[in-house]
Amino acid sequence: MPGDVADDSFTCRGSRRIFTLIVLLSLVVRLVVLWRIAGVPLVSDSTDYRGMALLLLGGKPFVPYWPPGLSLYLAPLLAAGFGDVVLRASMLVWWVLLCWGFVRLADDLKLKVKTTAILLTIFSITPALIHFSLEPMTQMPSAALLTLGISAAVRCARRESSWWDVVLLGGSLGWLSLVRPSAIPLLLALPAQAMAQRRQVLPPLMAIALGCVMLVVWMVRVHQLAGQWTLNNSNGVNLYYGNNPWTPLYRTWYFGSHAKFGTEDIHQFPGFEKVESSILAMPKVDRSKAYQHLAVDYVLHRPGLFLLRTVNRIRCFWGFDVFTAANLRGAGGAGARWFLPVFLLDAVCYLAIAGFAFFWIAAAPSSLWLQWETWLLGGSVLLYALPYWLSMSHPTYHFPVVVPLALLGAMAQRLSRSSGQEVRWRGWASLAVLALIQVEWIYFLVKP
């Protein structure tokens, strides 16, 4: 894993060349993959976001189920007449932004170039990151916007920050909230922490105002389209899917991906199917609140099961990625032959990053927690993950927080090595916990 050898500054020509080379090679890999899948149609959530973009272009009233952030990005491309290949290629913009945000944030945190380069290289070859760089889904935009938002918050907390950083802070977190509304708490928390550090009120408030304006503008549009003041209508549904009498104790994502209304799997749960039928008979604008009311009522009546599922959701969240490998297996043919190597490479890359972070965060001296940057990074991970820990969880949801987690691990490693006060047994214990989480995850993957 990343070493602690002295490195040049991020601003020197050699360092810039290293990162430029890594990003260019990562783009070559992605363009080759794009060429190979050029004839493969979009599937799953990709078709839903494209469909919402087409509805926005159509101008007819509709009730927005999906968050708008990605569809608003795709709409101009569809308006210009581009097809699926261009939609896929357009996601490379988010990959480049993620790389830029990653290096920018590592520089802000004064991490070593070698450590940062190794981490970025691992990200570049991770199958899940390649996949989400080429599919119009929310994972890559969320990761890029969260990373840029954290970097802007770091700079806004320092005297040398500019108004560009304020705009980047508010704009990235506002757009992140449109891509994933569950991230709205970050729009308040990150500027608030910058405000606390810099003790200047106006710049962070301006960032919050910018993000809020973006949300309000979209809500006005929703009111024009559907007559309701909301961002989207899927949040109550997701809460219910993960908190109802039939939700599996570990596979809390099950009703969100498998036993949907109209599938064969739902017939195994006649009670759930009956509830679904009754809610789907309601007007679309009323469904989210109905789902939310049922979920909250169930949690209040069965707090013990809610707590058990929540603990399970937290562990499941940190499992290794299987989404890309599962899609290859489901595609059949040539894609299925790539299932095993992609499955293994995703697991190895994720565990290299997560293991590095878990080990050093646990092994670092207590002084790590006296640094406000630690709380910024750790708090961002926690606030982003919390809605999934309370509703339904799956390893694919951890995608956007792996970057700040990796950088927090690099911070912990740097501090441990410089102080010589790391407590290695805590690091090994943390790795053991991470390993047990993977064993449990594999068990439920292969369990019928």
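Residues numbered from 1 in each chain as written. Predicted model: local features only at pLDDT ≥ 70, side-chain atom pairs only at ≥ 80, totals over all residues. Heavy atoms only, no water.

1. Focus: unusual backbone geometry
Backbone geometry places Ser44, a non-glycine residue, at a positive phi of 55°. Here Ser44 is to be found in the loop between helix 1 (13-36) and helix 2 (45-58). Its identity is not glycine, yet Lys110 carries a phi of approximately 60°, on the positive side. Relative accessible area serves as the criterion here: at 59%, Lys110 is assigned to the exposed category. (Helix = DSSP H or I, 4+ residues; strand = E, 2+ residues; numbered from the N terminus. Buried < 20%, exposed > 50% of the residue type's maximum accessible area, 1.4 Å probe, protein only.)

2. Things to note about the nonpolar core
One finds Phe123 and Trp318 to be the most contacted residues of the largest nonpolar core, which totals 137 residues. Of the residues forming this core, the biggest block, 14 residues, is contributed by helix 19 (residues 339-363). Every residue in contact with Phe123, bar those within four places of it in the chain, is listed here: Arg30, Trp95, Phe102, Leu129, Ile353, Val402, Val403 and Ala406. (Core = buried A, V, L, I, M, F, W, Y, C linked by side-chain atoms within 4.5 Å. Contact = heavy atoms within 4.5 Å.)

3. Observations concerning the environment of Ala183
Here Ala183 lies in the loop between helix 9 (163-179) and helix 10 (184-198). Note on Ala183: relative accessible area 2%, which makes it buried. Distance from Ala183 to Val166, taken between C-alpha atoms, is 18 Å for residues 17 residues apart in sequence. With residues up to four places along the chain from it excluded, the contact list for Ala183 reads Leu176, Ser177 and Tyr384.

4. A closer look at the pattern of salt bridges
Counted according to the given criterion, the structure contains seven salt bridges. Across the salt bridge formed by Glu135 and Arg88, the nearest N and O atoms sit 2.8 Å from each other. On the criterion of sequence distance, the pair formed by Glu135 in the loop between helix 7 (127-132) and helix 8 (139-156) and Arg88 in helix 4 (residues 84-90) is long-range, its members being 47 residues apart. With its nearest N and O atoms 2.7 Å apart, the salt bridge here joins Asp165 to Arg104. Taken together, the positions of Asp165 in helix 9 and Arg104 in helix 5 (residues 92-108) put the pair 61 residues apart, joining distant regions of the chain. In terms of burial, Asp165 and Arg104 fall into one category: buried. (Salt bridge = Lys/Arg side-chain N within 4 Å of Asp/Glu carboxyl O.)

5. Structural notes on the packing of aromatic side chains
This model, assessed by the stated rule, comprises 30 aromatic pairs. Relative to Trp66, the ring of Tyr49 lies with its centre 5.3 Å away and its plane at 55°, an arrangement referred to as tilted. One end of the pair, Tyr49, is in helix 2; the other, Trp66, is in the loop between helix 2 and helix 3 (69-79), with 17 residues separating them in the sequence. With a centroid separation of 6.0 Å and 10° between ring planes, the pair formed by Tyr240 and Phe272 is classed as stacked. Note that Tyr240 is positioned in helix 12 (residues 235-242) and Phe272 in helix 14 (residues 270-280), a separation of 32 residues in sequence. For the pair shown, Tyr240 and Phe272 are each scored as buried. Members of the aromatic cluster, joined through ring pairs, are Tyr240, Tyr241, Trp246, Tyr254, Phe255, Phe269, Phe272 and Tyr291. Arg30 extends its terminal NZ or CZ atom over the ring of Trp95, reaching a point 3.9 Å from the ring centre. (Phe/Tyr/Trp six-rings, centres within 6.5 Å; stacked < 30°, edge-to-face > 60°. Lys NZ or Arg CZ within 6 Å of the ring centre and 35° of its normal.)

6. Section: the layout of surface pockets
Its volume calculated, the second largest pocket comes out at about 950 Å³. Lining the second largest pocket we find 31 residues, and of these Val33, Ile37, Thr324, Leu328 and Trp338 sit closest to its centre. Elements with a minimum of two residues in the lining of the second largest pocket: helix 1, helix 6 (113-125), helix 7, helix 17 (323-331), helix 18 (333-337) and helix 19. It is helix 17 that contributes the most residues to the lining of the second largest pocket, six residues altogether. Broken down by class, the residue content of the lining of the second largest pocket amounts to 19 nonpolar, nine polar and three charged. (1 Å grid on protein atoms, 1.4 Å probe; cavity = no way out; pocket = protein on both sides within 12 Å on 5 of 7 lines; lining within 4 Å. Points joined across faces, edges and corners; volume = space filled by probe spheres on them. Nonpolar A, V, L, I, M, F, W, Y, C, P; charged D, E, K, R; others polar.)

7. Structural notes on the packing of helix 2 against helix 3
Relative to each other, helix 2 and helix 3 sit at 65°, their axes nearing to 8 Å. Compared by their axis directions, helix 2 and helix 3 come out roughly perpendicular. Crossing handedness for the pair helix 2 and helix 3: right-handed. Touching Tyr49, Arg50, Met52, Ala53, Leu54, Leu56 and Leu57 of helix 2 are Leu70, Ser71, Leu72, Leu74, Ala75, Leu78 and Ala79, all from helix 3. By residue class, the composition of the contact of helix 2 with helix 3 is 12 nonpolar, one polar and one charged. (Axes fitted to C-alpha atoms, helices over the stretch in contact; angles between N-to-C directions. Parallel < 35°, antiparallel > 145°, perpendicular 65-115°, else oblique. Left-handed = near helix turned anticlockwise from the far one by under 90°.)

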